[in-house]
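Breakdown of the fold
The primary structure of each chain is shown beneath.
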Amino acid sequence: MSKFYSSVTKKIWMSFMGLFLMTFLVVHLSINLLLVFSPTTNLFNEASHFMGTNPFIQLFQWILFAGFVVHIILGLILQIENWVARPKGYRVKAISEESFFSKYMIHTGVIIFIFLAIHFVNFFLVAKGIIGEIPKTLVDGKSVDDMGALVIALFKMPYYVIGYLIALMILGFHLDHGFQSAFQSLGLNHPKYTPFVKGFGHFFAVIITVAFMSIPLIIYFIK
Amino acid sequence: MDLKLKIWRQPSAHADGKFVDYQVHEISKDASFLEMLDILNEELVNKGEDPVAFDHDCREGICGMCSLFINGRPHGPDTAITTCQLHMRRFKDGETVTIEPWRAKPFPVIKDLMVDRSAFDEIIQAGGFVSIATGGVPDANAIPIRKQNADLAMDAAACIGCGACVAACKNASAMLFVSAKVSQFALLPQGKVEAKERVQMMVARMDELGFGNCTNTYACEAECPKEISVTNIARMNREFLVAKLS
């Protein structure tokens, strides 16, 4: 692989895709929050209907899918090359000061991938009508899939909620390193702005994680 | 002070190695780490045994020759110093000290604690120089250079190429070294002329040699005896991206 793409090129693509996937997270979160901020599931169902039928979104969903594939495959290639670069390890574990979550990007990444696969089966394939049947509901006289009911049913299952919360926590760890790391890999380092990028990266990781986590908790305990 | 040493012994590049335990006694707290190894070697020679091979040269922290991965850290427990500047007062009496060679595929062990770091020379040979005719020595102020850039270039040029960054990195990545060498030229007018070719050639050579990829753990910066900043890595990425796109 290094014959075709340099290590820096791979890291640049990794960063672009990582930042792209973060923007997707923000969009996803804002739609999910409709379930919590609205007394009925109508708004969420309408948004889901829009996301599932709008031609631009349908096209964009393939770009998003490609983004995931590139990020995951490059992540695996980089990790394998990194393991190969040190065939014999140290007897005493390295204790150098370093960015904590950076050491576990492959581990958190693999867990997020498993979560993503489960998530894909539970929601995306159901929404697309590939797996199971989804009841219909009327929103403003229009018949749309009742995705809200599907989400609420899953978030009423304690084990599902626990699994979801753990996966989201791991995603937060991944984002905590990923955000500032993407800027570094893209060469976007500046004495004036980098402290802000680092600070915002931590804030972004926490806010995304907490906001996503609040949804199953509110549905499980309050709704 | 008395110490128990666990030292990696490997007779030659292709032989199998193993850790061997040694005891050293009555070592002065003021002795340097390498002097402690000299004392051990003197004892080994007197006993007719093969002394422990380790790299060293100036013993002033400027040549980049000494190495050693001591108790989990390149150049030992102190920050911003080389192994030759490390003193025994940093250790406790009776402590066990594990000494390992740098571990990375492009840094093969030659013998015991000595590794072949010529991979770094090969990266320099790929572009870490200025080949344009720059003429004779110009007047001090003939080429205006921003003070900030002059300082950053000087900071980058402080890299002594010891390889601690590679040794510390969990990926055995040489990005800190290469980025320091790219930066010291890219920041100055004479180096800017060939900056685009230089960064691409040096990165390509680094990859070919089998160094790992940077995952921004910043362990390199924490262990660098010359405190080379990871901002150099960002600069190199930027230089590389601009070179590829233009």
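Above: the structure in question.
Overview of the structure. Remember, it's a predicted structure, so these values are computed and weren't measured experimentally.

1. What about the nonpolar core?
- Membership of the largest hydrophobic core comes to 85 residues, with the highest contact counts inside it found for F107, F120, I123, V166, V178 and F211 of chain B.
- Each of domain 1 (3-110) and domain 2 (118-245) of chain B contributes no fewer than three residues to this core.
- Residues in contact with V166 of chain B, not counting those within four places in the same chain, are R86 of chain A together with A104, F107, F120, A172, S173, A174 and F211 of chain B.
- Core analysis: the second largest hydrophobic core is formed by 29 residues, M1, L5, A31 and C84 of chain B among them.

2. A word on the interface of chain B and chain A
- Chain B puts 47 residues into the contact, and the matching count from chain A is 37 residues.
- Interface area for chain B against chain A, summed over the two sides, is near 3400 Å², with a carbon-plus-sulfur share of 53%.
- Connecting chain B to chain A are zero salt bridges.
- Linking chain B with chain A are 27 residue pairs in polar contact (both at pLDDT 80 or more).
- Of all elements in the fold, only β1 (3-9), β4 (73-74), β5 (96-100), α4 (164-168), α7 (195-208), α8 (219-223) and α9 (231-245) of chain B reach the threshold of two or more residues within the side of chain B that touches chain A.

3. Some remarks on the pairing of β5 of chain B
Residue and element names in this part refer to chain B.
- Most of β5 is tucked away: four of the five residues are buried.
- Bridge count between β1 and β5: four bridges; the pairing is parallel. Bridging from a neighbouring strand, K6 pairs with T98 of β5.
- Of the pairings in the sheet, the one linking strand β3 (residues 69-70) to β5 comprises two bridges and is antiparallel in character. Directly across from F69, in β5, lies its bridge partner E100.

Procedures and definitions
Residues numbered from 1 in each chain as written. Chains lettered and ligands numbered in written order. Predicted model: local features only at pLDDT ≥ 70, side-chain atom pairs only at ≥ 80, totals over all residues. Heavy atoms only, no water. Core = buried A, V, L, I, M, F, W, Y, C linked by side-chain atoms within 4.5 Å. Buried < 20%, exposed > 50% of the residue type's maximum accessible area, 1.4 Å probe, protein only. Domains from an automatic or database assignment. Contact = heavy atoms within 4.5 Å. Buried area = accessible area lost by both parts, 1.4 Å probe. Salt bridge = Lys/Arg side-chain N within 4 Å of Asp/Glu carboxyl O. Polar contact = N/O pair within 3.5 Å; in protein donor to acceptor, adjacent residues only side chain to side chain. Helix = DSSP H or I, 4+ residues; strand = E, 2+ residues; numbered from the N terminus. Pairing = 2+ DSSP bridges.

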